[in-house]
Amino acid sequence: MSQAERSFNFAFHGTLWASAYLALILAPLAVLLVGSVPPGTTFAWDFAVALGFSALSLMGSMFLLTARFQWTTRAFGIDIIYFFHRWVALIAFVLLLGHPVILLGVEPLLIEYLKPNAPWHMLAGAAALLAVILQVATSIWRKYIGLEYDTWRRLHALLAMTAIVLAVAHIVGVNYYIEAPWKHELWFAFAASWIVLMLYLRLVRPWRISRRPYRVADIKAERGDAWTLTLEPVGHAGLRFLPGQFVWLCLWHSALAMREHPFSISSSAEQPQRLSFTIKKLGDFTARLSQVTVGQAACLDGPFGAFSIDRYPGAPGYVFVAGGVGIAPILGMLKTLADRGDERPVWLFYAYKNLDYLTAYDQLQALQSRVKLNLVVILNDAPADWTGERGLLSEGILRRHLPDNYRDLEYFLCGPTVMTAAAERDLERMGISVRHIHTELFEMA
Ligand SMILES: Cc1cc2nc3c(=O)[nH]c(=O)nc-3n(C[C@H](O)[C@H](O)[C@H](O)COP(=O)(O)OP(=O)(O)OC[C@H]3O[C@@H](n4cnc5c(N)ncnc54)[C@H](O)[C@@H]3O)c2cc1C
């Protein structure tokens, strides 16, 4: 595929998916207004009912947003999709709360429907609301409650399915606005498609992943409490990916266990048969890397993400800004440029505490003979004899090293949020368009 075709493809997929998403959330609402429609009661009553239906429609769309379809993540980037998911979820939550609150305001006697002897469909509605409240609360306060990420993910998926099933039972039981049998069936079909999506993600996809196994080919300690893990495909051709993309990796557990973790590929996209990951010790999963043995089984789901130089193939050069293990996807892009014999200049601003922590420093030095790499290391805690940059990355440091045509280059930022946010501000102050600045965040929730 030519570079122009690739750029067109990204834009095309983005538009297609945005339109499909809009159609998906509006279709269930449009169905309510077709055919026999009840005469309606008061505006407040019908408004509250509409809020309930809208919330359910948005909730259903979450399954699509989090189904990790490669077409969507390639078009928008997974961080943007998860960010969007978070906001749509909050909007759905507010709409859902509005539904009983307004109804109770209009008719306070409805409180009777929240008692244990209420009709089953009303109890189903109340239980669906409770499931969503739990979902939102455990998502917002996960760290505060001390809920482990993997446990939270499994609970989140379970609550989502529970809420959808109970909410559909509620609207079918209440039977307002969906009296026509075909409307019943259609709402069932919507709900079934959301559940099928969930089952696809949790059962079918893991099964397909398990049919393309990998084995650990190498595990090597790196500076800065990090490891480089290298995998080889077993019985298949490996993974085709864009430099800078990431995968969900499972070690010790099967793909079915929902214990996979996202990691950027730090090896060259030109070598799909040997995939490396540069991983920093952080919590349970990453701390266990010291126990990984050569030959151990592994599995991968991916590739995902839009953080890639291949999305901007016409750039006259690239600038990378890395902090800590944020170097991982950048390493992958640099190695790919090296393997392709790409002669365009690249700049890497790499900030860390001190030289001992500078993950993959040796690999970067080796790359300097294969890529036109201008490596600018910025040490926060530099030794007295250090001749490079010191302190934190700043506009001054960027200006000192970038060429005159710096506004034409593409910028890729990956590292701690504080650092990337400050770098984004510096770059924007220097007159670089936000369209040229691409950031990868290592945190999803
Ligand atoms: C797109 C992306 C690319 C990444 N690439 C790299 C990389 O190349 N190298 C690297 O060292 N780290 C990378 N990370 C971060 C890495 O995924 C986490 O550090 C790791 O999952 C932590 O797991 P843990 O059990 O060791 O720590 P924990 O203490 O359990 O988790 C620490 C934090 O990591 C995040 N996290 C944990 N588990 C998951 C999960 N299953 N899915 C999503 N987020 C999770 C949560 O925000 C959590 O608060 C990346 C993250 C993302 C989102």
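Residues numbered from 1 in each chain as written. Predicted model: local features only at pLDDT ≥ 70, side-chain atom pairs only at ≥ 80, totals over all residues. Heavy atoms only, no water.

**What about the sheet that holds strand β8 (residues 345–352)?**
In step 1: Ordered by their spatial adjacency, six strands build an open sheet running β10-β9-β8-β7-β11-β12, and the pairing between neighbours is parallel. Since the sheet does not close on itself, it has two edges, and those belong to β10 (389–390) and β12 (437–440), each with one partner.
In step 2: Of the pairings in the sheet, the one linking strand β9 (residues 372–379) to β10 comprises two bridges and is parallel in character. Counted as the bridge partner of Ile378 is Glu389 from β10.
In step 3: Its contacts with the sheet place helix α10 (residues 327–340) against β7 (318–323), β8, β9 and β11 (410–414), and it is angled at close to 150° to β7. (Pairing = 2+ DSSP bridges. Helix = DSSP H or I, 4+ residues; strand = E, 2+ residues; numbered from the N terminus. Contact = heavy atoms within 4.5 Å. Axes fitted to C-alpha atoms, helices over the stretch in contact; angles between N-to-C directions.)

**Examining a nonpolar patch on the surface**
In step 1: On the surface, Phe83, Trp87, Leu90, Ile140, Trp141, Tyr144 and Ile145 cluster together to form a nonpolar patch covering roughly 850 Å² of accessible area.
In step 2: Sorting the residues of the nonpolar patch by element identifies α4 (78–106) and α6 (142–145) as the ones contributing at least two each.
In step 3: Within the element layout of this structure, Trp87 appears in helix α4. (Patch = residues over 30% accessible without salt bridge, like charges linked within 9 Å, V, L, I, M, F, W, Y side chains within 5 Å. Areas by Shrake-Rupley, 256 points an atom, 1.4 Å probe, with all protein chains shown as cover. Salt bridge = Lys/Arg side-chain N within 4 Å of Asp/Glu carboxyl O.)

**Notes on the environment of Ala89**
In step 1: Inspection of the secondary structure assignment puts Ala89 in helix α4.
In step 2: Ala89 gets classed as partly exposed once you look at its relative accessible area, which sits at 26%.
In step 3: Ala89 sits 30 residues away from Met59 along the chain, and the two C-alpha atoms are 6.9 Å apart. (Buried < 20%, exposed > 50% of the residue type's maximum accessible area, 1.4 Å probe, protein only.)

**Here we look at the environment of Gly98**
In step 1: Structurally, Gly98 is set in helix α4.
In step 2: Judged by its relative accessible area of 15%, Gly98 is buried.
In step 3: Sequence separation between Gly98 and Phe47 is 51 residues; the distance between their C-alpha atoms is 9.4 Å.

**Section: the site of the ligand**
In step 1: Near the ligand lie 27 residues; those nearest to it are Glu260, His261, Pro262, Lys280 and Thr286.
In step 2: For the ligand, a nitrogen atom lies 2.8 Å from a polar atom in the backbone of Glu260.
In step 3: Thr286 is positioned with one of its side-chain polar atoms (N or O) 2.5 Å from an oxygen atom of the ligand.
In step 4: Computed on the free molecule, the ligand has an accessible area of 880 Å², of which 91% lies beneath the protein chains in the complex. (Near = heavy atom within 4 Å. Polar contact = N/O pair within 3.5 Å; in protein donor to acceptor, adjacent residues only side chain to side chain.)

**Structural notes on the side chain of Ser267**
In step 1: Residue position: Ser267 is located in the loop between β4 (261–264) and β5 (275–280).
In step 2: Accessibility expressed as a relative area gives 6% for Ser267, which makes it buried.
In step 3: For Ser267, the side chain forms a polar contact with the main-chain oxygen of Arg274, separated by 3.4 Å.
In step 4: Polar side-chain contacts of Ser267 include one of 2.9 Å to the backbone nitrogen of Ser276.
In step 5: In this structure, Ser267 is in contact with Phe241, Arg274, Leu275, Ser276, Gly332, Lys335 and Thr336, ignoring residues within four places of it in sequence.

**Structural notes on the state of the cysteines**
As used here, a disulfide is simply a covalent bond connecting the sulfur atoms of two cysteines.
In step 1: For the coordinates displayed, the defined rule picks out one disulfide.
In step 2: There is a disulfide in this structure between Cys250 and Cys299, and the S-S distance comes to 2.0 Å. Torsion about the S-S bond of the Cys250 and Cys299 cystine: about -95°, corresponding to left-handed handedness. Note that Cys250 is positioned in strand β3 (residues 246–251) and Cys299 in strand β6 (residues 297–304), a separation of 49 residues in sequence. (Disulfide = S-S within 2.5 Å.)

**Structural notes on the pattern of salt bridges**
In step 1: Summed over the entire model, instances satisfying the criterion amount to 16 salt bridges.
In step 2: Between Glu222 and Lys220 there is a salt bridge, with its nearest N and O atoms 3.7 Å apart.
In step 3: Looking at Lys220, the relative accessible area reads 42%, which means it is partly exposed.
In step 4: It is possible to trace a salt-bridge network through shared partners that takes in Glu395, Arg399, Asp426 and Arg429.

**What about unusual backbone geometry?**
In step 1: Put simply, Gly302 and Pro303 share a cis peptide bond, and its omega is 5°.
In step 2: Secondary-structure assignment places Pro303 in strand β6.
In step 3: Positive phi values are uncommon outside glycine, yet Ala360 reaches one of about 65°.
In step 4: Take Ala360: it is sitting in the loop between β8 and α11 (361–367).
In step 5: For Ala360, a relative accessible area of 2% puts it in the buried group.

**Looking at the pairing of β12**
In step 1: Alternating positions in β12 separate into two faces, Ile437 and Thr439 on one and His438 and Glu440 on the other, with burial throughout.
In step 2: Where β11 meets β12, four bridges bridge the pair, whose relative direction is parallel. Paired with Tyr411 across the strands is Ile437, a residue of β12.
In step 3: Taken together, β11, helix α13 (residues 417–429) and β12 constitute a β-α-β crossover, and its handedness is right-handed. (Right-handed = clockwise from strand over helix to strand, strands pointing away.)

**Points about the packing of aromatic side chains**
In step 1: For the structure on display, the rule yields 13 aromatic pairs.
In step 2: Aromatic side chains Phe263 and Phe285 sit 5.8 Å apart centroid to centroid with 20° between the ring planes, which places their arrangement in the stacked category. Taken together, the residues Phe263 in strand β4 and Phe285 in helix α9 (residues 284–287) connect sequence positions 22 residues apart. Assigned by exposure class, Phe263 and Phe285 land together as buried.
In step 3: Ring centres of Tyr352 and Tyr357 lie 6.0 Å apart, and the angle between their planes is 55°; this geometry places the pair in the tilted category.
In step 4: For Tyr357, a relative accessible area of 31% corresponds to the partly exposed category.
In step 5: Chaining the aromatic ring pairs together yields one cluster made of Phe307, Tyr312, Tyr318, Phe320 and Phe412.
In step 6: One Lys or Arg, Arg288, reaches over the ring of Trp252 and ends 4.1 Å from the middle of that ring. (Phe/Tyr/Trp six-rings, centres within 6.5 Å; stacked < 30°, edge-to-face > 60°. Lys NZ or Arg CZ within 6 Å of the ring centre and 35° of its normal.)

Honestly, it's all geometry; don't read function into it.
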